[in-house]
Amino acid sequence: HKDKILQINRSKEMAEVFTPSWICNAQNNLIDNAWFERDGVFNTEIVLSSGAKSWKVNPDKIEFSNSKTWKDYINDKRLEISCGEAPYITSRYDSTTGDFIPVHNRIGILDRKLRIINENAETEEEWLKATFDAYRNTYAYEWQGDSLLIAREAMLTTLIENYKHKFYKEPLPKNIQIVAEIISW
C-alpha cells in the first residue's frame, strides 16, 4: 500500500520491485525442490479460473529422507540479499493484493521452516529452541529503512502468529525479545 509515486521513484532509482506472492512461492519451491531432491514438498503451483497464479498447499506432514532431518532443514542457512518487505522470507500478506495469508498457507523461507517445526517439535521448549535456530539461520538484508522496518515487523509477527497457531496462547515477552534481537542482528 505504499504511495504509488514512491513506488515508481524507487523502481527507477533503487530497482525496488514488488514481487507477487506466486513468484516468491515458485522461486522458493525451486530451492526446496533441490534441497529435498523432489518436487511439490510444500505445495503445488496452480492457475486459478481467473488466470491468476497461486498454489495449493500439501496438507501432509513433510517427509525427510534418511540422510536429512527436519533439524537439518531449519538449520540450513538461507539468505535474501535484497528483502524489501520480506515476501520471500515470510508471506503474511499477498504483496500485490494486500490480502492476509493464513499461517497454514504461507510460502516464505521462514514460513516453511516454522511449518517444519510446528509439525515436528513435541514440546514448547523444543519448539522455541528450533524456532530460535530457524531465525538464526534465515538472513535478509535491506537498504531502505521503511522496508526494513516492515520486514522486521513481519518476521517478528510471524513468530507470534506461529506460536499462537501451535500453542493457542501468546508467547512470553522474553521469547519475543530473543527473536527481536536475532532479527535485529
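Before reading on, note that the structure itself is shown above.
These lines cover the structure that appears in this document, whether it is placed above or below.

Reading the values: rules and limits
Residues numbered from 1 in each chain as written. Predicted model: local features only at pLDDT ≥ 70, side-chain atom pairs only at ≥ 80, totals over all residues. Heavy atoms only, no water. Core = buried A, V, L, I, M, F, W, Y, C linked by side-chain atoms within 4.5 Å. Buried < 20%, exposed > 50% of the residue type's maximum accessible area, 1.4 Å probe, protein only. Helix = DSSP H or I, 4+ residues; strand = E, 2+ residues; numbered from the N terminus. Contact = heavy atoms within 4.5 Å. Pairing = 2+ DSSP bridges.

Observations regarding the nonpolar core
Reasoning step 1: With 31 residues, the main nonpolar core has Ile74, Ile117, Trp127 and Tyr135 as its most contacted residues.
Reasoning step 2: Per element, the largest residue contribution to this core is six residues, and it comes from helix 5 (residues 124–136).
Reasoning step 3: Setting aside anything within four residues of it in sequence, one finds Tyr135 in contact with Leu110, Leu114, Met155, Thr158, Leu159, Val179, Ile182 and Ile183.

Focus on the environment of Ser95
Reasoning step 1: With respect to the secondary-structure elements, Ser95 resides in the loop between strand 3 (78–80) and helix 4 (109–120).
Reasoning step 2: A residue is classified by how much of its surface remains accessible, and Ser95, at 23% relative accessible area, is partly exposed.
Reasoning step 3: For Ser95 and Pro20, which are 75 residues apart along the polypeptide, the C-alpha to C-alpha distance reads 5.6 Å.
Reasoning step 4: The contact partners of Ser95, leaving out residues within four places of it in the chain, are Thr19, Pro20 and Ser21.

A closer look at the pairing of strand 1 (residues 43–47)
Reasoning step 1: With five bridges connecting them, strand 1 and strand 2 (residues 53–57) associate as antiparallel partners. What sits directly across from Glu45, in strand 2, is Trp55.

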